[in-house]
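# Structural overview for review
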Amino acid sequence: MLSSDFSARVNSTFPPAPATLEEAMAYNLKINGTAHSVDVDDDTPLLWVIRDVLGMTGTKFGCGAALCGACTVHIDGVATRSCITTVDSIGDSAITTIEAIGETPQGAALQKAWLDLEVVQCGYCQSGQLMSAAALLTETPKPTDEDINSAMSGNVCRCGTYQRIRAAIKQAAEA
Amino acid sequence: MDTLNLNEPTSGSSTSRRTFLKGGGLLLGFALLGGTTTSVFAANSAQVTEDEVKAPFAPNGFIRIDPKGTVTLVMPMVEMGQGTYTSLAMLLAEELEVDLDQVQVQHAPPNDALYANSILHIQSTGLSSSVRAFWTPLRQAGAVGRTLLIAAAAKEWGTEPATCKAAHGVVTDGSGSKHLSYGELAEAASKLPVPAADSVKLKEPKDFTLIGTPAKRVDTPMKVDGRAVYGIDTKVPGMKVAAIAISPVFGGKVKTVDEKAALAVKGVHQVVKIDEAVAVVADHLGAAKKGLEAAAIEWDDGPHATVNSADIIKELEEKSKQPGAVARNEGDAEKALGSAAQRIDAIYQVPFLAHATMEPMNCMVHMQKDSCDIWVGTQVPTLTQMFVAGVTGFPKEAIRIHNHLLGGGFGRRLEPDGTVLAVKIAKHVNGPVKVVWSREEDIQHDMYRPYYYDRMSAGLDGDGKPVAWTHRIAGSSIFARYVPQLFVNGLDPDAVEAAAEPPYALPNIHVDYVQVEPPGVPTAFWRGVGPTHNVFVVESFMDELAHAAKQDPVAYRKALLANNPRALGVLTLAAEKAGWGTPLPDGQGRGVSVAFIFGSYVAQVAEVEVGTDGAVKVNRIVCGLDCGMSVNPDTIEAQIEGGSIFGLTAALHGAITIKDGRVEQSNFDNYLPMRIDEVPVVETHLIKSAEAPGGIGEVPTSIVSAAVTNAIFAATGKRVRTLPVDPEMLKSSS
């Protein structure tokens with residue numbers, strides 16, 4: 001039975017924080033500047049911690065094998081496939097996801113370019129595309145076509161928006 | 001402001017309907033009668049809520065104008081990247097005389113009576129039909145709304161409606177001194193008599209201010225910062241997630257499961273075993289997948305354990321020797337073949353293909369005592385409801401489908417199989433459970449574009465002109481399963497689409513179809529449906545005829561299109577923009593293809609380069625397009641760009657093969673997508689047209705492969721008759 005309070009319920013944090021007893025064993029993750037404590041096996045991929053345990057669904061699942069880039073996040077600024085990055089490998093590193101990339105100058109410029117050029121179609125891969133592009137521009141502020149190829153070829157888009165992705169990265173680089 | 005509002009409930013439940021309608025204002029709706037004509041109704045929203053049972057029309061309505069002036073459009077079609085949420089909103093806004101950002105878009109609940117697509121007759125998003133189906137009804141609804149709002153203002157001012165004007169959601173009187181906003185007028189307008197839909201005057205195309213201009217898409221802002229919610233992103237309190245393993249052999253069953261080992265994994269709650277699959281239910285998918293692995297499932301492979309691609313192809317080869325159901329027969333093709341100066345025969349084959357949407361299959365189900373909730377992204381909400389009714393025994397009203405943005409459709413989400421499976425699992429789970437397929441399951445348990453085997457023959461006269469054309473198609477029939485009422489006398493209209501009616505003047509033509517079902521392998525629609533297969537075959541073979549006639553492929557086609565001015569127009573445009581006939585370096589070539597598909601005329605010229613190792617690089621695609629009137633030209637360009645890449649991916653890399661009853665491919669390392677470093681530049685050139693709009697989403701996917709393989713022939717002299725392109729065959733030494 002859905003009712004008007006549905007959206008409020010959906011937006012609440014889910015699932016609840018782990019029980020106190022187990023918190024001692026929890027991993028402490030710093031995501032988008034906020035500390036999170038999660039109690040999961042050490043080999044749990046970061047992707048599922050972000051999506052299922054913490055409920056941040058902007059980071060997408062596409063292949064589970066670092067073949068498509070939909071799950072890309074930044075770990076200390078480096079574009080990383082969260083689907084194969086286990087939670088025990090992260091330590092104190094700072095994790096940034098699509099939800100906060102707009103707070104960086106590169107992320108904001110890219111989001112604007114993505115909107116200006118109407119890059120997006122179904123949009124499912126675009127979180128990962130933007131995260132890879134943001135890491136590229138941080139490292140290489142004026143990328144060549146070759147730079148774009150090597151930084152972005154790990155990100156699959158089945159809608160085929162690549163032409164506009166390339167143009168948008170170039171536009172953001174000029175911003 | 002986001003104009004796509006996905007937070008409000010849009011289920012079929014009366015509670016949410018009341019929420020949606022509360023506050024009064026003007027409600028507009030329309031019913032599609034007999035598939036083509038429209039009747040528009042209008043009423044006061046609050047009144048509708050009170051009287052919903054006895055209302056003379058279904059009260060759900062498409063469009064609501066509230067007292068604040070916000071226009072809400074309940075969107076019958078789904079958004080899967082094709083831009084339809086924006087294009088349809090533009091049709092309404094154009095006639096209603098509001099700005100596009102005044103229109104809020106919501107997903108529609110399942111209801112064929114209200115939301116059926118007038119081309120497909122159910123609430124389905126497919127066949128590149130959305131703009132075509134809603135072109136007239138949505139504009140009429142907007143025009144009726146505008147007429148009522150103007151009438152309400154005129155009444156208030158005691159003046160004639162004809163002297164008033166509406167623009168940007170405001171009515172102004174003849175003197176230009178009085179203004180009333182739509183919000184202020186909505187209530188009064190809802191009490192006026194409703195003009196007949198066909199009595200309101202629609203705008204002349206020259207007066208369009210929105211249609212034909214590149215509009216910003218309503219769904220883009222939420223897709224660049226992680227806010228967009230796809231089916232896989234759904235969250236509800238108390239939910240669990242499940243990973244699933246389906247019998248690797250089609251039709252096999254679960255034999256043994258180590259439940260204990262699965263349950264020992266931290267975070268795992270339950271192991272669900274059904275006939276054909278095992279699901280591990282957990283707090284998060286990390287645990288669920290680990291549990292599934294620990295479960296070390298053994299399978300009973302069943303009757304299809306020996307199915308192989310080679311045998312499937314052999315059967316196609318054999319059965320295609322016999323005549324099939326006739327799709328077209330004009331003149332006497334056999335006789336003309338016999339007396340032709342030159343005869344050309346060829347066999348073409350295209351493989352099984354998976355859809356591989358970026359968002360893997362998923363569905364959340366909450367089974368309750370007498371009802372259930374389903375959260376999913378689907379192209380077919382009402383069909384899904386019907387299938388769920390079948391596995392639950394619930395009446396369809398008790399099945400609440402909450403539709404979502406689709407992370408790619410391409411035809412995959414025309415099938416409710418994933419939802420049915422999730423329901424079967426959820427029956428054993430207490431509370432909501434979200435079943436998420438791995439990429440491997442998604443590729444290995446897709447429903448595949450059929451493998452087609454085509455036999456072509458043509459006869460040329462002394463001048464090289466075709467005097468006979470025969471085309472026999474053998475393959476699985478999707479219609480026989482999906483719409484059996486349209487599978488008549490053994491003829492599948494989809495399997496022969498674009499083959500039965502090539503755009504050319506062909507005097508003696510015979511096209512037939514032989515149904516051959518691959519044992520155990522499920523088949524389904526794939527972006528571009530019939531034309532994706534048939535345009536490749538027809539346009540490749542036409543290229544063979546041009547070369548056999550020793551004529552230029554563009555000139556040869558033009559001569560056969562003399563009576564088809566729109567096809568001729570796109571071909572001429574594409575050839576000119578591509579610089580057809582200008583020299584290219586060695587190892588490079590240009591190829592062309594042309595078609596009339598999904599109501600649109602399209603031609604492409606591809607430029608390719610083939611290395612000595614046989615590697616094909618497509619450098620450029622030039623597209624000439626006449627899709628009638630453009631609604632959102634930027635979306636059209638985007639579809640040409642992306643749809644071409646989708647088709648090119650299949651032409652160069654796409655093949656699902658079967659060995660021992662299993663799909664051999666599993667992920668993006670062996671079912672290869674094109675990537676940014678591999679794709680060509682795609683240029684779109686539109687012909688301005690006042691014709692009614694054609695479809696667009698599947699047009700480029702269908703046209704691209706022949707242009708590319710014809711270009712490969714131009715570059716190497718080697719004819720590709722089987723897809724995907726095999727670089728081995730193109731090696732210089734071979």
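As the structure is a prediction and not an experimental result, all values here were calculated from the model. (Residues numbered from 1 in each chain as written. Chains lettered and ligands numbered in written order. Predicted model: local features only at pLDDT ≥ 70, side-chain atom pairs only at ≥ 80, totals over all residues.)

Turning our eyes to something else, we now look at helix α16 (residues 553-560) of chain B. Residues and elements named next belong to chain B. Here α16 has its buried residues at P553, V554, Y556, R557 and L560. Along the axis of α16, the buried positions cluster into a sector of 160°, meaning they face one direction only. Of the surrounding secondary structure, the elements contacted by the buried residues of α16 are α15 (529-548), α17 (565-578), β23 (588-597) and α19 (699-716). (Buried ≥ 20, exposed ≤ 12 C-beta atoms within 10 Å, placed from the backbone. Helix = DSSP H or I, 4+ residues; strand = E, 2+ residues; numbered from the N terminus. Arc of directions from axis to C-beta. Contact = placed C-beta atoms within 7 Å.)

Between chain B and chain A, the contact holds 63 residues from the first and 58 residues from the second. Among the elements of the structure, α1 (14-21), α8 (285-294), α18 (633-653) and β28 (681-686) of chain B are those that each provide at least two residues to the side of chain B that touches chain A. Ranked by the residues each element gives to the side of chain B that touches chain A, the list is headed by α18(B), at six residues.

Turning next to the sheet that holds strand β16 (residues 362-367) of chain B. Residues and elements named next belong to chain B. Strand order in this open sheet of seven strands is β11-β12-β9-β19-β16-β17-β18, and the pairing throughout is mixed. Of all the strands in the sheet, the pair left with one neighbour each is β11 (268-273) and β18 (399-403). Taking each pair of neighbouring strands and ignoring which way they run, the sheet shows an average axis angle of 20°. Alignment of strand β9 (residues 240-246) against strand β12 (residues 277-282), held across six bridges, turns out to be antiparallel. Bridging across to β12, A242 finds its partner in V281. Against the sheet, helix α12 (residues 417-426) touches β9, β11, β12, β16, β17 (372-376) and β19 (433-436), its axis set at about 40° to β16. (Pairing = 2+ DSSP bridges. Axes fitted to C-alpha atoms, helices over the stretch in contact; angles between N-to-C directions.)

Residues and elements named next belong to chain A. Pairing geometry for strand β1 (residues 27-31) and strand β2 (residues 34-38), over five bridges, is antiparallel. Opposite L29, over in β2, you have H36 as the bridge partner. Taking the residues that link successive antiparallel strands as the turn, the β1-β2 hairpin has two residues, and the phi of N32 there is positive, at about 50°.

With 86% of its residues at a pLDDT of 70 or more, chain A has an overall mean of 89. Note on residues 1-24 of chain A: pLDDT under 50 across the span, and 31 contacts to partners over four residues away in sequence or across chains. (pLDDT = per-residue confidence, 0-100.)

As a further point, take the pairing of strand β4 (residues 71-75) of chain B. Residue and element names in this part refer to chain B. Taking burial as the measure, the five residues of β4 include five buried ones, the bulk of the element. Covered by surrounding structure in β4 are V71, L73 and M75 together with T72 and V74, the residues of both alternating faces. One ladder, built from three bridges, connects strand β3 (residues 63-65) with β4; its direction is antiparallel. Looking at β4, one finds that I65 is bridged to V71. The turn linking β3 back onto β4 is made up of five residues, and G69 within it adopts a positive phi angle of 90°.

Residue and element names in this part refer to chain B. Judged by pairing direction, the sheet is antiparallel, and its three strands sit side by side in the order β6-β7-β8 without closing on themselves. Lying at the two open borders of the sheet, with one neighbouring strand each, are β6 (165-167) and β8 (179-181). Each adjacent strand pair in this sheet contributes to an overall mean axis angle of 25°, direction not counted.

Take the domain arrangement of chain B next. Residues and elements named next belong to chain B. Assigned domains of chain B: these are domain 1 (14-223), domain 2 (231-302 + 361-436) and domain 3 (310-352 + 448-730). Relative to domain 3, the C-alpha centre of domain 2 lies at a distance of 37 Å. Taken together, the contact pairs nine residues of domain 2 with eight residues of domain 3. Within the side of domain 2 that touches domain 3, the residues separate by chemical class into five nonpolar, two polar and two charged. (Domains from an automatic or database assignment. Nonpolar A, V, L, I, M, F, W, Y, C, P; charged D, E, K, R; others polar.)

In this section: the domain arrangement of chain A. Residues and elements named next belong to chain A. Domain boundaries in chain A define domain 1 (18-100) and domain 2 (101-174). Using only C-alpha atoms to locate each centre, domain 1 and domain 2 end up separated by 22 Å. The partner domain 2 presents 15 residues to the 17 residues of domain 1 that form the contact. When residues of the side of domain 1 that touches domain 2 are traced back to their parent elements, those giving at least two are β3 (72-75), β4 (78-81) and α3 (98-101). Sort the elements by how many residues they give to the side of domain 1 that touches domain 2 and β3 lands first, with three residues. Across the side of domain 1 that touches domain 2, the residue classes tally to eight nonpolar, eight polar and one charged.

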